[in-house]
Amino acid sequence: MARIRPVQRKPAYQQVSDRLREFIDDNDLRPGDRLMTERELAAELGVGRSTIREAITALRAQGIVDVRHGEGIYLLNRSEELIPSLATELVATHVDHPYIWEARQAVEVQCARLAARRATADDLAQIDAGLTLMAAEIAAGEPGLAGDRHFHLGVVNASHNPILIQLVAGIREAYDKTSETSLTRADQPPRSLAEHREIREAIAARDPDRAAERMLAHLVGTTDDLLGIDDAG
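All values reported here derive from a predicted model rather than from experimental measurement.

Another point: the overall build of the protein chain. The secondary structure content of the protein chain amounts to eleven helices and two strands. A buried classification covers 42% of the 233 residues belonging to the protein chain. Element-wise, carbon and sulfur atoms account for 52% of the exposed surface of the protein chain, whose accessible area totals about 12500 Å².

Here you go:
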């Protein structure tokens, strides 16, 4: 007999993202239209502005909205107009983690390289916010999942490559699964945080090769430890 799948509780930012999608559809907003401000959205939805920011970051990574500092939040694409992602279908069929890690290595290494060339002050602030959040979570005895997500998404956004950003959005759920598997191991959170800081420093130093090398070392090291891969084998 098939087992009943457990109910999944979505994080608050994902619920906010869903509500914003509904708002876009219900009001028939078109690309170029301006959404409400962070303050207005927080008041309308009854959540904190940090949750709104995380939701907007997720929608930005999916290529749905654009944040123009000093101007506001604008619609880039309606979700149904985005190209369907094969990665989303693979995640739905519970594709094995090794394939997801390989995809992350291919995409995130290039994102780190591009981020070292293109990151703005705002991009670095987003990356730093992820590091600060992860450090606080670890200090509180948590695995640092939200901070880890914020950091990696910050690096991807700093690439300023809309295709790579959309590709990552297509396997966002898979990213979260791999990160959760990794960061729930006893010694991994502080190690990952230290490696994240090295990546950040290479990006801030405008050193593309080192940024890519540090990101690759981080992801490969995490994968090998997680899967028990031996280089000698």
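That was the structure; now back to the text.
So, about unusual backbone geometry. Even without a glycine there, the phi angle at H160 is positive, about 55°. Positionally, H160 belongs in the loop between α7 (145–158) and α8 (162–170). A relative accessible area of 37% places H160 in the partly exposed class.

Here we take up the packing of helix α2 (residues 38–45) against helix α3 (residues 49–61). Remark: α2 packs on α3, axes separated minimally by 9 Å, with the N-to-C direction vectors making an angle of 110°. Classified by the angle their axes make, α2 and α3 are roughly perpendicular. Note that α2 runs across α3; the crossing there is right-handed. Contact residues: E38, R39, L41, A42 and L45 in α2; R49, I52, R53 and I56 in α3. Residue composition of the contact of α2 with α3, by class: five nonpolar, no polar and four charged.

Before going further, it helps to examine the environment of C111. Within the secondary structure, C111 is located in helix α5 (residues 97–118). With relative accessibility at 0%, the residue C111 sits in the buried group. Along the sequence, C111 and H160 sit 49 residues apart, while their C-alpha atoms lie 8.5 Å from each other. Sequence-distant contacts of C111, defined by excluding residues within four places in its chain, comprise V155, V156, S159 and L164.

What follows concerns the environment of I138. When you line up the elements, I138 lands in helix α6 (residues 121–139). Taking relative accessible area as the criterion, I138 reaches 21% and is therefore assigned partly exposed. In sequence terms I138 and P190 are 52 residues apart; their C-alpha atoms lie 7.2 Å from each other. Excluding residues that lie within four positions of it along the chain, I138 makes contacts with P143, P189, P190 and L193.

By the bridge criterion, four bridges tie strand β1 (residues 65–68) to strand β2 (residues 72–75) in an arrangement that is antiparallel. Across the sheet, residue V65 finds its bridge partner in β2, namely L75. Between β1 and β2, which pair antiparallel and follow one another directly, the connecting turn spans three residues, one of which, G70, has a positive phi of 90°.

Let us look at the side chain of H152. Within the secondary structure, H152 sits in helix α7. A residue is classified by how much of its surface remains accessible, and H152, at 2% relative accessible area, is buried. Polar side-chain contacts of H152 include one of 3.2 Å to the side chain of H196. The residues contacting H152, other than those within four sequence positions of it, are R104, E108, H196, M215, H218 and L219.

All right, on to the nonpolar core then. Among the nonpolar cores identified, the biggest contains 35 residues, and V155, I203 and M215 are the most heavily contacted of them. Considering every element that reaches this core, the biggest residue donor is α5, with nine residues. When residues no more than four places from it in sequence are discounted, the contact partners of V155 are C111, A112, A115, I127, I203 and M215. Core analysis: the next-biggest nonpolar cluster, separate from the first, contains 17 residues, L41, A42, A55 and I56 among them.

Now for α7. Compared with the 20 Å implied by 1.5 Å per residue over 14 residues, the 20 Å span of α7 between its first and last C-alpha is a close match. Counting buried positions along α7 yields twelve of 14 residues, so the element is predominantly enclosed. One or two steps after α7, the chain reaches H160, where phi turns positive at roughly 55°.

Once that is clear, we can look at the packing of aromatic side chains. Taken as a whole and judged by the stated rule, the model has zero aromatic pairs. When the ring centre of Y74 is taken as reference, the NZ or CZ atom of R68 above it lies at 4.0 Å.

Each value, and the rule that gives it
- Residues numbered from 1 in each chain as written.
- Predicted model: local features only at pLDDT ≥ 70, side-chain atom pairs only at ≥ 80, totals over all residues.
- Heavy atoms only, no water.
- Helix = DSSP H or I, 4+ residues; strand = E, 2+ residues; numbered from the N terminus.
- Buried < 20%, exposed > 50% of the residue type's maximum accessible area, 1.4 Å probe, protein only.
- Areas by Shrake-Rupley, 256 points an atom, 1.4 Å probe, with all protein chains shown as cover.
- Axes fitted to C-alpha atoms, helices over the stretch in contact; angles between N-to-C directions.
- Parallel < 35°, antiparallel > 145°, perpendicular 65-115°, else oblique.
- Left-handed = near helix turned anticlockwise from the far one by under 90°.
- Contact = heavy atoms within 4.5 Å.
- Nonpolar A, V, L, I, M, F, W, Y, C, P; charged D, E, K, R; others polar.
- Pairing = 2+ DSSP bridges.
- Polar contact = N/O pair within 3.5 Å; in protein donor to acceptor, adjacent residues only side chain to side chain.
- Core = buried A, V, L, I, M, F, W, Y, C linked by side-chain atoms within 4.5 Å.
- Expected span 1.5 Å × (residues − 1).
- Phe/Tyr/Trp six-rings, centres within 6.5 Å; stacked < 30°, edge-to-face > 60°.
- Lys NZ or Arg CZ within 6 Å of the ring centre and 35° of its normal.

From the geometry alone we can't say anything about function, so treat these as descriptive.
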